[in-house]
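# Summary of structural features
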Amino acid sequence: MSVDFSHFTPLSSLAGGVLIGLAAILLIHFCGRIAGISGIVAGMLTKQTRKEGWRIAFLVGLIASPLLFSLFFPLPEITVHTSWPLIIVAGMLVGAGTRLGSGCTSGHGVCGLSRFSRRSLAATLTFMAVGIVTATLTGFWLG
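Okay, so let's go over this structure. The shown structure was predicted, so the numbers you read here are calculated from the model rather than taken from an experiment.

Within the chain one finds six helices and zero strands. Its helices and strands taken in sequence order, the chain reads α-α-α-α-α-α from the N to the C terminus. Along the first, second and third principal axes, the C-alpha atoms of the chain reach 50 × 40 × 35 Å. Every one of the 143 residues in the chain was classed for burial, and the buried ones make up 16%. Pairs at least 24 apart in sequence give 34% of the contacts found in the chain among residues at least 6 apart.

Attention now moves to helix α5 (residues 105–114). The set of residues buried in α5 consists of Gly107, His108, Cys111 and Gly112. Take α5 and look down its axis: the buried residues cluster within an arc of 120°, on one side only. In α5, the exposed positions that point more than 90 degrees away from the buried face belong to Thr105 and Ser114. Elements in contact with the buried residues of α5: α1 (10–31) and α6 (118–142).

Our next topic: the layout of surface pockets. Considering only enclosed or pocket space, the largest pocket measures out at about 940 Å³ in volume. Ala15, Gly16, Leu19, Ile20 and Ser65 are, among the 25 residues lining the largest pocket, the residues nearest its centre. Within the residue set of the lining of the largest pocket, elements represented by two or more residues are α1, α3 (53–69) and α5. Ranked by the residues each element gives to the lining of the largest pocket, the list is headed by α1, at ten residues. Looking at the lining of the largest pocket residue by residue, the class counts come to 18 nonpolar, seven polar and no charged.

Turning our attention to a nonpolar patch on the surface. Taken together, the side chains of Leu68, Phe69, Leu71, Phe72, Phe73 and Leu75 define a hydrophobic patch exposed on the protein surface, amounting to about 690 Å² of accessible area. Mapped onto the elements, Leu71 comes out in the loop between α3 and α4 (84–100).

Here we come to the packing of α5 against α6. Interhelical geometry of α5 versus α6 gives an angle of 135° and a closest axis separation of 9 Å. Considering their axes alone, α5 and α6 lie oblique with respect to each other. Our pair here, α5 against α6, has a crossing hand that is left-handed. For the pair formed by α5 and α6, the contact residues are Thr105, His108, Gly109, Gly112 and Leu113 on the first element and Arg119, Ser120, Leu121, Ala123, Thr124 and Phe127 on the second. For the contact of α5 with α6, the class distribution of residues is four nonpolar, six polar and one charged.

Conventions adopted
Residues numbered from 1 in each chain as written. Predicted model: local features only at pLDDT ≥ 70, side-chain atom pairs only at ≥ 80, totals over all residues. Heavy atoms only, no water. Helix = DSSP H or I, 4+ residues; strand = E, 2+ residues; numbered from the N terminus. Buried < 20%, exposed > 50% of the residue type's maximum accessible area, 1.4 Å probe, protein only. Contact = heavy atoms within 4.5 Å. Arc of directions from axis to C-beta. 1 Å grid on protein atoms, 1.4 Å probe; cavity = no way out; pocket = protein on both sides within 12 Å on 5 of 7 lines; lining within 4 Å. Points joined across faces, edges and corners; volume = space filled by probe spheres on them. Nonpolar A, V, L, I, M, F, W, Y, C, P; charged D, E, K, R; others polar. Patch = residues over 30% accessible without salt bridge, like charges linked within 9 Å, V, L, I, M, F, W, Y side chains within 5 Å. Areas by Shrake-Rupley, 256 points an atom, 1.4 Å probe, with all protein chains shown as cover. Salt bridge = Lys/Arg side-chain N within 4 Å of Asp/Glu carboxyl O. Axes fitted to C-alpha atoms, helices over the stretch in contact; angles between N-to-C directions. Parallel < 35°, antiparallel > 145°, perpendicular 65-115°, else oblique. Left-handed = near helix turned anticlockwise from the far one by under 90°.

Quick look at the structure:
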């Protein structure tokens, strides 16, 4: 294995991590809520209260951030070499997994681990193990 140093971006990666952490801190401080994307989206789709405006603001910020970034810096080119049916099935499996795991990697990995949640530790270790096994098997089958 080798590192592709032409795409090694420690400073922008650090800045992104700091911004994610800051967003999580601000959300827990001002709203008392965990910054897990699957929970935020699920809450928008199921709850009908007037106090849920923070969910809309969070998601608008999530979508608007790269658009704002692109005004000052070029976005990386993204190419996906797979079919739409496979992407849709993968997305549905991820959605089912987040429901089974009571949250997504952002909620468990960023917020849960920082609160020393044992459930989040177990979930994050499971996410990572399954991801490593899946990537290894996929590479083996396609390689």
